[in-house]
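Letter by letter, the chains look like this.
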Amino acid sequence: MGEGFEKDRSQLIIIDRSFDWTSLILHELTFQAMAHDNFTIKNNVFMFTENGAQKEVVFDDKDEVCAELRHQHIYNAADAVRFKLKNCVDSELASTVDAAQSTSLAGLSYVMKKIPQQQKIVENYSRYMSALKQCMDFYGKHLEDICIFEQDLVMGKEAIVEDKITYDVKKKLISFLTDNNVSIQNKIRLIILYIVSMNGVSKDIFNELVQNAQLSPADIQTILNLNKLGVTTDADENNKKPQQTIPRKDRVDENTFQVSRWTPKIKDILEYCIENHLDPDEFPYVSVREQTTEKYKASSSRYNATWYKRKDPKQEGSRIILFIIGGVTFSEMRSVYEVSKNFKNSNIIIGSSHITTPEDFLKDLSDLGEH
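Caption draft 1: Inspection of unusual backbone geometry at higher detail. Backbone geometry places Asn43, a non-glycine residue, at a positive phi of 55 degrees. Mapped onto the elements, Asn43 comes out in the loop between strand 2 (41-42) and strand 3 (45-50). By relative accessible area, which is 75% here, Asn43 ends up exposed. Here the phi dihedral of Gln214 falls at roughly 55 degrees; this positive angle occurs in a residue that is not glycine.

Caption draft 2: Inspection of the packing of aromatic side chains at higher detail. Here the structure, examined in full by the defined rule, presents nine aromatic pairs. Relative to Tyr128, the ring of Phe31 has its centre 6.4 Å away and its plane inclined at 70 degrees; by these criteria the two rings are edge-to-face. Highlighted residues: Phe31 in helix 3 (residues 31-38) and Tyr128 in helix 6 (residues 105-155), separated in sequence by 97 residues. Like Tyr128, Phe31 is buried. One aromatic cluster is present, formed by Phe39, Phe46, Phe48 and Phe138 through successive ring pairs. Above the plane of the ring of Trp262 lies Arg248, whose end atom (NZ or CZ) is 4.9 Å from the centre. Above the face of the Tyr272 ring, Lys249 is positioned so that its terminal group lies 5.0 Å from the ring centre.

Caption draft 3: Broad picture of the sheet that holds strand 4 (residues 53-58). Pairing is antiparallel in the open sheet, where three strands are placed in the order 2-3-4. The outermost strands of the open sheet, each flanked by one partner alone, are strand 2 and strand 4. Summarising the sheet, strand 2 and strand 3 pair through two bridges and their orientation is antiparallel. Residue pairing in the sheet places Lys42 in a bridge with Val45 of strand 3.

Caption draft 4: Representation of the nonpolar core within the structure. Judged by nonpolar contacts, the single largest core of 35 residues is most densely connected at Ile191, Ile192, Ile223 and Phe361. Of all the secondary structure elements, the ones that give two or more residues to this core are helix 2 (22-25), helix 6, helix 7 (169-177), helix 8 (184-198), helix 9 (203-213) and helix 13 (358-367). At eight residues, the largest contribution of residues to this core is made by helix 8. With sequence-adjacent residues up to four places away left out, Ile191 is seen in contact with Leu177, Leu209, Val210, Ala213, Leu215 and Ile223. Counting residues in hydrophobic clusters, the runner-up holds 31 residues, among them Leu69, Ala80, Tyr139 and Val259.

Caption draft 5: Quick look at helix 8. A rise of 1.5 Å per residue sets the reference length of helix 8, with its 15 residues, at 21 Å; its end C-alpha atoms lie 21 Å apart and thus fit the reference within 8%. Of all 15 residues that make up helix 8, eleven are buried, and the element is covered over most of its length. Among the residues making up helix 8, those that are buried are Asn186, Lys187, Ile188, Arg189, Leu190, Ile191, Ile192, Leu193, Tyr194, Ile195 and Val196. Of the residues one or two after helix 8, Asn199 is the one with positive phi, at around 55 degrees.

Calculation criteria
Residues numbered from 1 in each chain as written. Predicted model: local features only at pLDDT ≥ 70, side-chain atom pairs only at ≥ 80, totals over all residues. Heavy atoms only, no water. Helix = DSSP H or I, 4+ residues; strand = E, 2+ residues; numbered from the N terminus. Buried < 20%, exposed > 50% of the residue type's maximum accessible area, 1.4 Å probe, protein only. Phe/Tyr/Trp six-rings, centres within 6.5 Å; stacked < 30°, edge-to-face > 60°. Lys NZ or Arg CZ within 6 Å of the ring centre and 35° of its normal. Pairing = 2+ DSSP bridges. Core = buried A, V, L, I, M, F, W, Y, C linked by side-chain atoms within 4.5 Å. Contact = heavy atoms within 4.5 Å. Expected span 1.5 Å × (residues − 1).

This is the structure:
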């Protein structure tokens, strides 16, 4: 696990997918996650058509623009690209004017070399702006109302009302299930989120929901296959299983998007681990854990990538290796980035059997009926 005092405190946390079904089903509106959820992505290439022209964006760590944007909310990412694009164009114009003022051969040469270089940068920013526009347009046409309802459902309260939901949740859900503009996949996701949030529903309510959604027998069986994963679909008290008791941190503030209030549970788990506050009953130790008096301080000024090594090994702190059996979501990978950014003394590595999306999960859930 490494050398030195801090490496002696390295911890390996192994959990399975059942610790957080919500983050797997919920719509995530950060750039990379939304693209993978709602568009066809092959080999990390996001291909789309704009004004009749075929365009593409590659989700690649080597691209600095991608690395900066992929975990940002689509609207924040769009603002960031607009700002960079404006600065780039303004810089190009300023450089051209300054160079043009010189009648020397060197000045003219500078203009010829500078403009093509800037054009390439501008084109790159433009591609990302186009890709983000695809996401924003899709959200506006298909997801805005659904995402707000999902967040109310999983948070147990509305964004503008403290600690309660003022409308009839089931009635609101049925309004989406009977809407022909809502896709079958989204109807299934909404029903699953409702079941998970309510810790099961009665058979009568379940039948009412699937009938209003006009689901096929195969789609209904997909939802019922949740039972094979240990998710309670029947509200019968005798069948209910105790839910995990990981305390949630309140992270919603005035800067939080109404449609992005939910935080994946993995973020709380990692921070509790760093702060030595993980419940040993929920996360029992294989061996006795040594205590330390070191204080971990949050830092907003340094960004420590989670699965890259620091250039100077001597600066590395304690290491947390988290492995999720059953798939890791893009929202959870984003959470690891955020925790790494805020806790400078921790080196966090996340791994899983695979990266999964809601579409992947529903397909796997459907396949359970064949075994």
